[in-house]
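# Structure at a glance
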Amino acid sequence: MKKAQAAPAAFAELGIEPPLLRALAKIGFVEPSEIQKQLIPVVLSGRDALGQARTGTGKTAAFGLSCMQMVNRDMGLQLLVLVPTRELAVQVAAELLRLSEFLGLRIVPVYGGQRIKSQLHSLGKKPCVVVGTPGRLIDLLERGALSLGDVRFVVLDEVDRMLDIGFRDDIRLILGKITSPHQTVFVSATLSDEIKRLAGQFTRDAVEVNVSRDEITVEEVTQVFIGVEPWDKFRLLQMVLEREQPKLAIVFCNTKRGVMKLAKRLHVEGIDAREIHGDLVQSKRERVMERFRKHNLHVLVATDLASRGIDVHGITHIVNYDIPVDPEAYVHRIGRTARMGSFGKAITFVTREQGKLLTEVEKLINLQITEERLENFVPGSPPRGELGGFSPPPGRRPRGPARASPVSAAEPPSVPGGTAPAQSASPSQRPKTLGAKFRSRRRRL
Ligand code: AMP
């Protein structure tokens, strides 16, 4: 006979009741995460909340357990969760479903890209919880397929993301339609003044719960950058993949075109990589994510579509093939690894023109990212027309904790924003003055 799992007492102490405790025991959550410890009692007390926590720290269960506990399974739609992307709608709905297994709640995800007919059918069964992207929710509201008249809990997940992909008016429209008395919970990895202003319009006397402290990236992620010339990036990626042998890796590019080109090239080279970006039809996006989630695919090439909220266990490597232009995107990208206490490595490719972007990231995360050099990597010649007047910028010595991989630990400093070509890379040609000098120089690049 199967041994019954013990109810997790620490969750019971937060006020979580037996049906949810049973599910937690079954899933194997024993200790609540920090955001769960702090947010659950606030929501259960009936207050609005504004929660800030790093991505991957258990926010879904934090709002999910507390709100779902107060939902009545016989009363129609009471909990509405707004999320920015389709993938997140599917993922959050699945997490809520397994947490509420013994409450028996009907939960429906609604999002664009999937035929509206099947979603209309699911909504017809009167779910108590709907998780949706703003665009599709508005569509359904306009068709009269969804009524928000009985909603008692509204959660906005990844609000910062929703704002930067321009959902502000949609959010206003949706929230404006909820006229019944309700509790509102905002959750986000960052809480800018803008988010607080928006929250101020839609919450009443919200309790701010901030568990992200000063450091916004997780310690368990080893972060390194590799200087590279643009024309060498693909070869470098091949070498990195060969050397690191990632169990699961996401390689981020800044554009859809970049993703498509890179995935194709990897494929040609015999690396089983698949792409994910906004131009891919939804069914294909789901298939790719499913393979990745099941570890049947080891390299995912992605735009920032995959940088937020996507929770896949066991991602060991993040490669920023293109360093993001927005430093906050860096935080979200690397948050895909080292989730809930596991370890991961983030490798960022930086060309000489991108030194400033790297500095912006370092300023945001308040940490100097260590440079890593690949011993066997011989920089190639620039394609014709790109050579003009090359002179290597000065080097740097890693100042942060010695977290770089063994190959870099004994290396002399190389150049910022670009691995110097072989003819200019001898230690004697590298400047002796490092640190601050390096930084100011890099800003001018
Ligand atoms: P989230 O931040 O909601 O995307 O959660 C990140 C991951 O942590 C998900 O895989 C959750 O299932 C998992 N998780 C959430 N809470 C806990 C917990 N208390 N103990 C262990 N794992 C958890």
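First, a word on what this report is: a plain description of the structure on this page. (Residues numbered from 1 in each chain as written. Predicted model: local features only at pLDDT ≥ 70, side-chain atom pairs only at ≥ 80, totals over all residues.)

### Here we look at the nonpolar core
Worth spelling out the cut-off: Joining buried Ala, Val, Leu, Ile, Met, Phe, Trp, Tyr and Cys residues through C-beta atoms within 7 Å gives a set, and that set is a nonpolar core. Any residue with 12 or fewer other C-beta atoms within 10 Å of its own C-beta is exposed, any with 20 or more is buried, and the rest are partly exposed; the C-beta atoms used are placed from the backbone. Segmentation of the chain into domains, including their bounds, is taken from an automatic or database domain assignment. Two residues qualify as a contact pair if the distance between their C-beta atoms, derived from the backbone, is within 7 Å.
In terms of nonpolar packing, the biggest core is built from 109 residues, with Val131, Val251 and Val301 touching the most fellow members. Residues lining this core come from more than one domain, with at least three contributed by each of domain 1 (9-210) and domain 2 (221-371). Those residues in contact with Val251 that sit more than four places away from it in its chain are Leu237, Leu262, Val299, Val301, Val319 and Tyr321.

### Considering the sheet that holds strand β3 (residues 107-110)
Short version of the rule: Strand pairing is defined by DSSP finding a minimum of two bridges between the two strands. A run of DSSP states H or I qualifies as a helix once it reaches four residues; a run of E qualifies as a strand once it reaches two. Both are numbered from the N-terminal end. Angular values range over 0 to 180 degrees, each being the angle between N-to-C directions of two axes fitted as lines to C-alpha atoms, with helices fitted over their stretch in contact.
If you trace the 7 strands from one edge of the open sheet to the other, you get β3-β4-β2-β5-β6-β1-β7, paired in parallel fashion. Lying at the two open borders of the sheet, with one neighbouring strand each, are β3 and β7 (207-210). Averaged over all adjacent pairs, the angle separating strand axes in this sheet is 15 degrees, with direction ignored. Sheet topology note: the strand β5 (residues 153-157)/strand β6 (residues 183-188) ladder contains 5 bridges and is parallel. Bridging across to β6, Asp157 finds its partner in Val187. Helix α3 (residues 34-44) contacts β1 (49-52), β6 and β7 of the sheet and is inclined by roughly 175 degrees relative to β1.

### Comments concerning the sheet that holds strand β11 (residues 299-302)
The parallel open sheet is built from 7 strands, whose spatial order is β10-β11-β9-β12-β13-β8-β14. Looking at which strands have only one partner, the edges of the open sheet turn out to be β10 (273-276) and β14 (370-371). Sheet analysis places strand β8 (residues 221-227) next to strand β13 (residues 344-350), joined by 7 bridges and oriented parallel. The residue of β13 that forms the bridge with Val224 is Ile347. Running over the sheet, helix α12 (residues 256-268) touches β9 (249-252), β10 and β11 and is turned about 170 degrees from β10.

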